[in-house]
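The primary structure of each chain is shown beneath.
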Amino acid sequence: MNEPKQQDKPFDISKWVVWEAYQRVKANRGAAGVDDMSIAEFEQDRDKHLFRIWNRMSSGSYFPPPVKAVEIPKPGKKNAVRILGVPTVADRVAQTVARMYLEPKVEPVFHPDSYGYRPKKSALDAVGVCRRRCWKADWVVDLDIKAFFDSVPWDFILKAVEHHTDQKWILLYVRRWLQAPMQQQDGMLVERDRGTPQGSAISPLLANVFMHYAFDAWMVREFPNIPFERYCDDAVVHCGSERQARQVRDAIAARLAQVGLELHPGKTRIVYCKDADRRDDHEVTSFTFLGYEFRPRLAKNKWGKHFVSFLPAVSKDAVKAMGREIRSWHIARRSDMSLDDLARMVNNIVQGWVNYYGRFYKSMLYPLLRRLNQHLMRWACRKYKRLKRRERKAMHWLAEVAKRAPGLFAHWRFGLRPDGWAMGAG
């Protein structure tokens, strides 16, 4: 898109930012919204769509359509779902435009231990920092904010956004995005008076802006010597004693109540980081943070001696969710496909699991990935008549394939080959 000459528009929005926003939306892919227009369909008349977005945003006449309600299962919870609000492709572009203008204003202000949806920070960074701090401090407050994305008050969000920008169009459109109704599967529109839908491009930034003032900056004022890690609405606070942990938990609960939020009474827990040097007892000695379960685990020191340390590893809920995903591929039934085809089908997903859950105490990921070899073995039994009902021979055949092409599957590269070889735990 060519940058236009200065026109009589109330708001000065760059066409180049609209173009870059579209590139980001395209790279993130994602589903269609209420208009059922996919990114591929948007691309067919791309320039017209982008010009319309720019023109309407610049003139103040952009009104977002409803967001599409999409149910996704909650990890590890049978029949439990989370509602995502999926905007249209065009609306995701518009939201990304606003985010690109607002983010540089707020990013330098954010707390260094805020990790969610921020440039050059990741969930694994938060897990790593949490691990080190659990070694230093004996107690943790594992915070769970009840229905954060459904409950966060609009007036506090708008006040925080207004504090960081003098561009009125950003505040105008943030308000409209917050007020956009949710369209359910039967077409019914549900009006909202609070919350910011999960699934939109602007929501993570708005959540961070809100939580910076509601939690991060408040913690720095009230408890300057108590460290924490926060990933959007998920946070862990490290304390030196059980008494301090209870005091901090109660203070945080009161603070969040002031800003319209509530700690979940059943899911917010005080945890004792038990290890070989911590001999006290407590009813709770584990917690889950960002898909990793922290608990006492066997470790090995530099002299080869085993001891108990407090360490993160892939959580049971995450393993269950990945197992369901593997079963959904129905690998054994795909006898029309080659091994190369199967590798192309699964490798990106499996490599993502390895990259994330293989960072800390990777041996806990091994049983899941070995099950993937079992699925491949059953595929071979169906694919080749000579291997039918001969599982041991099929696994031997698969092991020979792995010797010739050890990099064919992502989990083989990780060390989970069919011949049973695996890298050391840790």
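Before any of the text, the structure's been laid out above.
Student: It is not clear to me how the overall build of the chain should be interpreted in this structure. Could you clarify?
Tutor: Along its length, the chain carries 15 helices and 11 strands. Along the three orthogonal principal directions, the C-alpha set of the chain runs to about 75 × 60 × 40 Å. Counting over 426 residues, the chain shows a buried share of 50%. The contacts of the chain with a sequence gap of at least 6 include a subset with a gap of at least 24, amounting to 66%. Entry remark: accessible area of the chain is about 21,700 Å², with carbon and sulfur atoms responsible for 49%. Measuring between centres, the 73 positive side-chain charges of the chain sit 8 Å from its 48 negative side-chain charges.

Student: Is there a simple way to think about helix α12 (residues 339–357) in this case?
Tutor: Spacing of three or four residues puts side chains on the same side of an α-helix, whose turn is 3.6 residues. At valine 346, α12 shows its largest bend, some 45 degrees. Inspection of α12 places Leu339, Leu342, Ala343, Val346, Asn347, Val350, Trp353, Val354, Tyr356 and Tyr357 among the buried residues, and these make up the whole buried set.

Student: Before we go on, may I ask you to explain the sheet that holds strand β9 (residues 287–289) in this structure?
Tutor: To summarise the sheet geometry, strands pair through backbone hydrogen bonds and adopt either a parallel or an antiparallel arrangement. Taken together, the three strands give an open sheet; going across it, the order is β9-β10-β11, and neighbouring strands pair in antiparallel fashion. Two strands close off the open sheet at either side, each with one partner strand: β9 and β11 (306–314). Across the sheet, the axes of successive neighbouring strands diverge by a mean angle of 50 degrees, strand direction being ignored. Sheet topology places strand β10 (residues 292–300) next to β11; nine bridges connect them, and they run antiparallel. Across the sheet, the residue bridging to phenylalanine 294 is proline 312, located in β11.

Student: How should the side chain of histidine 282 be read in this particular structure?
Tutor: Summarising the element assignment, histidine 282 is placed in the loop between β8 (269–272) and β9. If we ignore the near neighbours within four places in the chain, the residues touching histidine 282 are Trp139, Glu242, Arg246, Ile270 and Tyr272.

Student: Even after reading the chapter, I still don't get unusual backbone geometry, so can you show me in this structure?
Tutor: Negative phi values dominate among residues other than glycine, just as trans dominates among peptide bonds. You will see that alanine 147, though not glycine, has its phi angle at about 50 degrees, which is positive. Structurally, the position occupied by alanine 147 is in the loop between β3 (139–144) and α6 (148–151). Classification of alanine 147 as partly exposed rests on a relative accessible area of 39%. We note that leucine 290 has phi near 55 degrees; this positive angle belongs to a residue other than glycine. By the element assignment, leucine 290 lies in the loop between β9 and β10.

Student: In this structure, what is going on with the sheet that holds strand β2 (residues 81–86)? I would like to understand it.
Tutor: Spatially, four strands are ordered β2-β1-β4-β5 in an open sheet, and the strand pairing comes out mixed. Here the strands that pair on one side only, and so sit at the sheet edges, are β2 and β5 (189–190). For strand β4 (residues 182–183) and β5, the ladder comprises two bridges, and the chain directions are antiparallel. Note that in β5 the partner of methionine 182 across the bridge is valine 190.

Student: So what exactly am I meant to see when it comes to the nonpolar core here?
Tutor: Soluble globular proteins: nonpolar side chains tend toward being buried together. Counting residues in hydrophobic clusters, the biggest one holds 130 residues, and the most contacted among them are Met57, Trp169, Val237, Ile252, Phe287 and Leu339. Element by element, the count of residues in this core is highest for helix α9 (residues 203–222), at 10 residues. Residues contacting tryptophan 169, with those up to four places away along its chain left out, are Phe11, Ile13, Met57, Val97, Ala98 and Tyr101.

Student: For this particular structure, what's the right way to read the packing of helix α7 (residues 154–164) against α9?
Tutor: Two quantities define a packed helix pair, namely the angle between the axes and the distance from one axis to the other. Axis separation between α7 and α9 bottoms out at 9 Å; the angle between their running directions is 90 degrees. Regarding the angle of α7 to α9, the classification is roughly perpendicular. Judged by residue contacts, Phe156, Ile157, Ala160, Val161, His163 and His164 of α7 engage Leu206, Val209, Phe210 and Tyr213 from α9. Taken together, the residues of the contact of α7 with α9 break down into eight nonpolar, two polar and no charged.

Student: Just checking my understanding: could you explain helix α10 (residues 242–258) for this structure?
Tutor: Taking 1.5 Å of rise per residue, the 17 residues of α10 would be expected to cover 24 Å, and the 25 Å separating its terminal C-alpha atoms lies within 8% of that figure. Three or more residues of α10 are buried, namely Ala245, Val248, Ile252, Arg255 and Leu256. In an axial view of α10, the angular spread of the buried residues amounts to 95 degrees, which keeps them on one side of the axis. Opposite the buried face of α10, by more than 90 degrees, sit the exposed residues Arg243, Ala257 and Gln258. The secondary structure elements touched by the buried residues of α10 are β3, α9, β7 (234–239) and β8. The positive-phi residue at the C-terminal boundary of α10 is glycine 260, with phi of around 85 degrees.

Student: Honestly, the pattern of salt bridges in this entry has me stumped. Any pointers?
Tutor: Where charged atoms from two side chains of opposite charge come close, those side chains can pair. This structure, assessed with the given rule, holds 22 salt bridges. Salt-bridge contacts for arginine 278 lead to aspartate 275; the nearest nitrogen and oxygen are separated by 3.6 Å. As far as the burial class goes, arginine 278 and aspartate 275 line up, both buried. Arginine 297 is paired through a salt bridge with glutamate 293; the nearest N and O atoms lie 3.9 Å apart. Judged by its relative accessible area of 13%, glutamate 293 falls in the buried class.

Student: For this particular structure, what's the right way to read the environment of serine 151?
Tutor: Looking at the element boundaries, serine 151 is found in helix α6. For serine 151, a relative accessible area of 18% corresponds to the buried category. Distance in space between the C-alpha atoms of serine 151 and glycine 260 is 7.3 Å, their sequence separation being 109 residues. Beyond its immediate sequence surroundings of up to four residues, serine 151 is in contact with Lys146, Arg194, Gly195, Gly260 and Leu261. Among the polar contacts made by the side chain of serine 151, one reaches the main-chain carbonyl oxygen of alanine 147 at a distance of 2.7 Å.

Student: Just to check I follow, could you spell out the environment of isoleucine 349 for this structure?
Tutor: Its place among the elements puts isoleucine 349 in helix α12. Sequence-distant contacts of isoleucine 349, that is, excluding residues within four places in its chain, are made with Glu325 and Trp329.

Calculation rules
Residues numbered from 1 in each chain as written. Predicted model: local features only at pLDDT ≥ 70, side-chain atom pairs only at ≥ 80, totals over all residues. Heavy atoms only, no water. Helix = DSSP H or I, 4+ residues; strand = E, 2+ residues; numbered from the N terminus. Buried < 20%, exposed > 50% of the residue type's maximum accessible area, 1.4 Å probe, protein only. Contact = heavy atoms within 4.5 Å. Areas by Shrake-Rupley, 256 points an atom, 1.4 Å probe, with all protein chains shown as cover. Lys, Arg positive; Asp, Glu negative; His and termini not counted. Charge placed at Lys NZ, Arg CZ, Asp CG, Glu CD. Bend = angle between axes of the 7 residues up to and from the residue. Pairing = 2+ DSSP bridges. Axes fitted to C-alpha atoms, helices over the stretch in contact; angles between N-to-C directions. Core = buried A, V, L, I, M, F, W, Y, C linked by side-chain atoms within 4.5 Å. Parallel < 35°, antiparallel > 145°, perpendicular 65-115°, else oblique. Nonpolar A, V, L, I, M, F, W, Y, C, P; charged D, E, K, R; others polar. Expected span 1.5 Å × (residues − 1). Arc of directions from axis to C-beta. Salt bridge = Lys/Arg side-chain N within 4 Å of Asp/Glu carboxyl O. Polar contact = N/O pair within 3.5 Å; in protein donor to acceptor, adjacent residues only side chain to side chain.

Everything listed here is a matter of coordinates, which is why it stays silent on function.
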